[in-house]
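A structural walkthrough
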Amino acid sequence: MSAFKAGKYEDFFQMWNRFIPFQLRENDINAVKLEFYIHIYFTIYTLHPMTKKSTVGVQKEFKKRKEIFKTFLDNKGKDMSETSEFLAYYALPYIPNPIDHPSFKNMFTSKWLNQITKSTEKFVSDNIMREEKSKLQTIYAVYKKYLKEEGKDQVDHAVEVEQLGNQLVAERMKFVDT
């Protein structure tokens, strides 16, 4: 979540795509809606009064983020254009100063920022551990079962596999670091 709070959209979405299960991201309506709002968050991040650090380069960065949002809308976000909840946001990339636009004023409040942050944190913490066991953990479980059935002593590799599984869990938890 540190990438989210720092406005680093590339880092955030790399972790999002890595640790939030694909099926959930694609098929769960709440996940799809949240991802749409997260894209809005990153689009306006540099303009938001609660996240703006400086005025230097803000418009250049905002222009870059609007282009990223347009790409999202033209691809993954295309289906949401049929939903009245999201229709107004399709104009966002074409509004030069959305902070002054009546349709978008609410997005520039601390309430909106806190709401999207809390929703994202909750979704990530609720769903990051839902991911099924990794292939490594599954193979290790089958291996342990085989050794037990055969009455063989476990070899030193079992410790290494257990450590790798723990490292995987630690990597997932870095994404949640709030």
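The structure contained in this document is the topic of the report that follows. (Residues numbered from 1 in each chain as written. Predicted model: local features only at pLDDT ≥ 70, side-chain atom pairs only at ≥ 80, totals over all residues. Heavy atoms only, no water.)

One finds F12, W16, F36, I38, I40 and M107 to be the most contacted residues of the largest nonpolar core, which totals 39 residues. Among the elements of the structure, α1 (2-5), α2 (9-19), α4 (29-44), α5 (58-74) and α7 (110-127) are those that each provide at least two residues to this core. Counting residues per element, this core draws most heavily on α4, which supplies nine residues. (Core = buried A, V, L, I, M, F, W, Y, C linked by side-chain atoms within 4.5 Å. Buried < 20%, exposed > 50% of the residue type's maximum accessible area, 1.4 Å probe, protein only. Helix = DSSP H or I, 4+ residues; strand = E, 2+ residues; numbered from the N terminus.)

The next point concerns the side chain of N127. Turning to its location among the elements, N127 is positioned in helix α7. Within the structure, the side chain of N127 is placed 2.8 Å from the backbone oxygen of F123, a separation counted as a polar contact. Setting aside chain neighbours within four positions, we find N127 in contact with I20, P21 and L24. (Polar contact = N/O pair within 3.5 Å; in protein donor to acceptor, adjacent residues only side chain to side chain. Contact = heavy atoms within 4.5 Å.)

Each pocket or cavity is described by its volume, and for the largest pocket that value is around 270 Å³. As for the largest pocket, its lining consists of 13 residues, of which N30, K33, L34, Y37 and S119 are closest to the centre. Those elements that place two or more of their residues in the lining of the largest pocket are α4 and α7. Among the elements that take part in the lining of the largest pocket, α7 stands out by supplying six residues, more than any other. Split into classes, the residues belonging to the lining of the largest pocket amount to six nonpolar, four polar and three charged. Residue contributions to the lining of the second largest pocket peak at four residues, all from α4. Class assignment for the residues of the lining of the second largest pocket results in five nonpolar, two polar and six charged. (1 Å grid on protein atoms, 1.4 Å probe; cavity = no way out; pocket = protein on both sides within 12 Å on 5 of 7 lines; lining within 4 Å. Points joined across faces, edges and corners; volume = space filled by probe spheres on them. Nonpolar A, V, L, I, M, F, W, Y, C, P; charged D, E, K, R; others polar.)

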